[in-house]
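Single-letter residue listing:
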Amino acid sequence: MTREEQVKAVGLKAGARVVGIAPVEAFREKVPEGYRPEDILPGARSVVVAGGDGPTAGAWRCPDHRVMEITGYDLRENVAVHAMCDFIEGTLSHHAIQAPSLPVHGHEPPMSMMHAAELAGLGTRSLAAHIILNPEYGLLYYAALITTLPLEPDPPLAEPACPHPGCAAMYKRIGTTPCLRVCPACLAGKVSDGRIQESTYDRERCHSRAQTYGIGSLQKGLLQIVNEDDADRRRTMIYSDFFTKSLQSVGFFRDSIAQCFECMRVCPVGRKYRKLK
Ligand code: SF4
Ligand code: SF4
């Protein structure tokens, strides 16, 4: 096995669905200085990206869509990245660090996992909230590692995963696609010659529907509670579903992953893996 195959095999065995490799130089075109892989790990040569399954096929079928957020994930892409880091450091004697995908200050993470996945040839941006779609599996969740190990990179995909041929045909017929039709409040776009020509995603609107709970909602709720003079109302606010969920999300040290999957529910890419007996 080549070194690349060895590293990928470790990630796949640890639960990743796909693993791809990007060279650090590929980040220079669109990533500003200070946020590049070599700014996080001096001497970095490669970025290895793991894509993991999201909700199980069964979770997609649950009639209460809110259940998916708390039951559908195993976040194995992070486990795969740690297993590959251990292998690179323990067996191949090179430095490796998990790529930071959560903010260390402010609201933006130091590194975009979406961009890393694109550069590692694992997927392309879609009309649905610009989610990276893997051409085979559709929606996946991405984690990455940065390493000083030189590895042969995988090329970015030659053909975009979105629009699916069925979506391109639908757009030609009626001027919309399944995801654009299901969420006109957040999504807009144009398709021509089977390619995305224009794509707009209103993140603030989507956020208010798909990611209601988290650190921000706790801060907002707390401010309202301390400013509330009426003791009965204050009590109701503290025990409310909204405040309890916000506390829970902080207790698990994560913001809400997603409470709305409608644009992905209607997407045909990777749907075959959700059709079971
Ligand atoms: S996640 Fe929900 S709210 Fe956000 S773009 Fe998709 S369908 Fe719209
Ligand atoms: S439904 Fe079609 S157009 Fe929308 S994200 Fe999926 S493949 Fe792209």
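This section reports on the structure supplied with the text. Being a predicted model, the structure only gives us computed values, none of them experimental.

### A look at the environment of Ala210
Step number 1: Of note, Ala210 is situated in helix H9 (residues 203-210).
Step number 2: For the pair Ala210 and Pro165, spaced 45 residues apart in sequence, the C-alpha to C-alpha distance is 27 Å.

### Brief notes about the pattern of salt bridges
Step number 1: This structure, assessed with the given rule, holds 11 salt bridges.
Step number 2: Among the ionic pairs, Glu38 bridges to Arg28, the shortest N-O distance being 3.1 Å. Of the two residues, Glu38 is situated in helix H2 (residues 37-40) and Arg28 in the loop between strand E1 (18-23) and H2; the sequence distance between them amounts to 10 residues.
Step number 3: We classify Arg28 as partly exposed; its relative accessible area is 41%.
Step number 4: As a salt-bridge pair, Glu262 and Arg265 come within 3.3 Å of each other at their nearest N and O atoms. Taken together, the positions of Glu262 and Arg265, both in helix H13 (residues 262-265) and 3 residues apart, correspond to about one turn of that helix.
Step number 5: Owing to a relative accessible area of 23%, Glu262 belongs among the partly exposed residues under this scheme.

### Structural notes on the packing of aromatic side chains
Step number 1: A full pass over the atoms with the stated rule returns 3 aromatic pairs.
Step number 2: Taking 4.8 Å as the distance between ring centres and 40° as the angle between the ring planes, the aromatic pair formed by Tyr137 and Tyr273 counts as tilted. Separated by 136 residues along the polypeptide, Tyr137 in the loop between strand E5 (132-134) and strand E6 (138-147) and Tyr273 in the segment after H13 bring together distant segments of the chain.
Step number 3: On the basis of relative accessible area, Tyr137 is assigned to the partly exposed category, the value being 22%.
Step number 4: Tyr273 sits in the partly exposed class, given a relative accessible area of 37%.
Step number 5: Aromatic side chains Tyr213 and Phe242 sit 6.0 Å apart centroid to centroid with 50° between the ring planes, which places their arrangement in the tilted category. With Tyr213 in the loop between H9 and helix H10 (215-226) and Phe242 in helix H12 (residues 241-251), this residue pair connects regions lying 29 residues apart in the sequence.
Step number 6: You can call Tyr213 buried: its relative accessible area is 19%.
Step number 7: The ring centre of Trp60 lies 4.0 Å from the NZ or CZ of Arg274, which sits over that ring.

### Some remarks on the pairing of strand E8 (residues 195-201)
Step number 1: Alignment of strand E7 (residues 187-192) against E8, held across 6 bridges, turns out to be antiparallel. Residue Ala188 lies in a different strand from E8, and its bridge partner there is Thr200.
Step number 2: Hairpin remark: E7 followed by E8, antiparallel, with 2 residues in the connecting loop; positive phi at Asp193, about 50°.

Parameters at a glance
Residues numbered from 1 in each chain as written. Chains lettered and ligands numbered in written order. Predicted model: local features only at pLDDT ≥ 70, side-chain atom pairs only at ≥ 80, totals over all residues. Heavy atoms only, no water. Helix = DSSP H or I, 4+ residues; strand = E, 2+ residues; numbered from the N terminus. Salt bridge = Lys/Arg side-chain N within 4 Å of Asp/Glu carboxyl O. Buried < 20%, exposed > 50% of the residue type's maximum accessible area, 1.4 Å probe, protein only. Phe/Tyr/Trp six-rings, centres within 6.5 Å; stacked < 30°, edge-to-face > 60°. Lys NZ or Arg CZ within 6 Å of the ring centre and 35° of its normal. Pairing = 2+ DSSP bridges.

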